[in-house]
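# Results of the structural survey
Take a look at the letters that make up each chain.
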Amino acid sequence: MKFSIIFLFLFSINTFGADAVKKEELSIAEKWRPTITKYFGEEFAIKLLGATSDVKKDNLDLLQMPQIPILVVDARSTSVYDKKPDKVILKPEEEAKYHYSFLTELYEVTRQSQPQADDIKKMMNTLSQGATREGVYHSMVLDPVYNQLETIYKPIRLPASEFAVYFYSNYIAKKISPDSLTSMNMYTLKRLIAEKAIDIIDAFGENRDGLETWYAILSSDLATRFPQHWSNKLRKNSSKAVHKNWASKAPIQHIKSEIIIKLHIALNSLM
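Everything quoted here is computed from the prediction, not taken from an experiment.

Each helix and strand counted, the protein has 14 helices and 0 strands in total. When the helices and strands of the protein are listed from N to C terminus, the series reads α-α-α-α-α-α-α-α-α-α-α-α-α-α. Across the protein, the fraction of contacts at a sequence separation of at least 24, relative to all contacts at a separation of at least 6, is 76%. Per element, the accessible surface of the protein, about 15100 Å² overall, is 55% carbon and sulfur.

Before going further, it helps to examine the nonpolar core. Phe167 and Trp214 are the most contacted members of the largest nonpolar core, which has 62 residues in total. In this structure, Trp214 is in contact with Met65, Pro66, Ile68, Tyr171, Ala197, Ile200, Ile201, Phe204 and Ile259, ignoring residues within four places of it in sequence.

Relative to the assigned elements, Thr213 resides in helix α11 (residues 208–225). When sequence neighbours within four positions are dropped, the list of residues in contact with Thr213 reads Leu63, Gln64, Pro66 and Lys244.

Right, let's talk about helix α9 (residues 158–172) for a bit. Taking 1.5 Å of rise per residue, 15 residues should cover 21 Å, and α9 covers 20 Å from first to last C-alpha, within 8% of that figure. Those residues of α9 lying buried are Ala160, Ser161, Phe163, Ala164, Phe167, Tyr168, Tyr171 and Ile172. Along the long axis of α9, the arc covered by the buried residues comes to 160°, so they all point the same way. Where α9 is buried, its residues touch α10 (186–203), α11 and α14 (252–268).

Peptide bonds are trans in most cases, and residues, glycine excluded, mostly fall at negative phi. Of note, Gln112 is a non-glycine position whose phi angle comes to about 55°, a positive value. Looking at the element boundaries, Gln112 is found in the loop between α5 (92–111) and α6 (117–128). Positive phi, normally seen in glycine, also occurs at Ala173, with a value near 60°. Positionally, Ala173 belongs in the loop between α9 and α10.

An ideal rise of 1.5 Å per residue puts 16 Å on 12 residues; α6 measures up with 16 Å between its terminal C-alpha atoms. Among all positions in α6, only Ile120, Met123 and Leu127 are buried. Buried residues along α6 cover an arc of 70° about the axis, so they all sit on one side. For α6, the exposed residues set more than 90 degrees away from the buried face come down to Ala117, Asp118, Lys121, Lys122 and Ser128. Tucked into the core, α6 has its buried residues touching α5 and α7 (133–141).

Quick notes on the rules
- Residues numbered from 1 in each chain as written.
- Predicted model: local features only at pLDDT ≥ 70, side-chain atom pairs only at ≥ 80, totals over all residues.
- Heavy atoms only, no water.
- Helix = DSSP H or I, 4+ residues; strand = E, 2+ residues; numbered from the N terminus.
- Contact = heavy atoms within 4.5 Å.
- Areas by Shrake-Rupley, 256 points an atom, 1.4 Å probe, with all protein chains shown as cover.
- Core = buried A, V, L, I, M, F, W, Y, C linked by side-chain atoms within 4.5 Å.
- Buried < 20%, exposed > 50% of the residue type's maximum accessible area, 1.4 Å probe, protein only.
- Expected span 1.5 Å × (residues − 1).
- Arc of directions from axis to C-beta.

Distances and angles like these do not, on their own, reveal function.
In structure tokens:
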């Protein structure tokens, strides 16, 4: 049934001819969007059809970077227990649809190898029992396998060093010296940058609009800087409006996992 829907959708577009598609493509896509979303989910619909037509690019693409929170390291802090429930919560069955692709991609971008079926099964069970996406990420980059990767000779090349300095300055509001990276392993750098991004997301707290704006600007920046490395339309899109629109409808854990994966992909291309 699902494949029949996609086939009919594609066939209905093709029957109008090339010229007609240019004029009517958007309206046809929007007519089919509710059906595609119903059967495959909003994330798949965006990947197939692009962002919704109600996104106002003229205003949102002028987004300005919000005040970036100051990261405070305090081992005694109990703020992690004071977090309010996310404003976007997916039903368990809907959330489960995205687990497999997330885990497969996470494994590939962190270890740059294909996961075994048992690895995915184990992590799927972990998520189904209530673990968070960031928790799964931390468990992967702190395990013996990733620890071994951090001990091999994989120095940080100049492009990666420059990106790290740029990222810390613009998205963490912290200055670092390239000299501080000279003795660091590339896998260590990837982990540290992703962890700092997660910390910033948490630091926004209840300022959801600020977080979404930060995410949108960063996603637009990455799409522009690494255009050839994204595998779907959403990540390739350089529009801040599109990314903010997506973030406004996504659970925090999905925003975190997108940033984790995007940063690893970007840095993998600089290794």
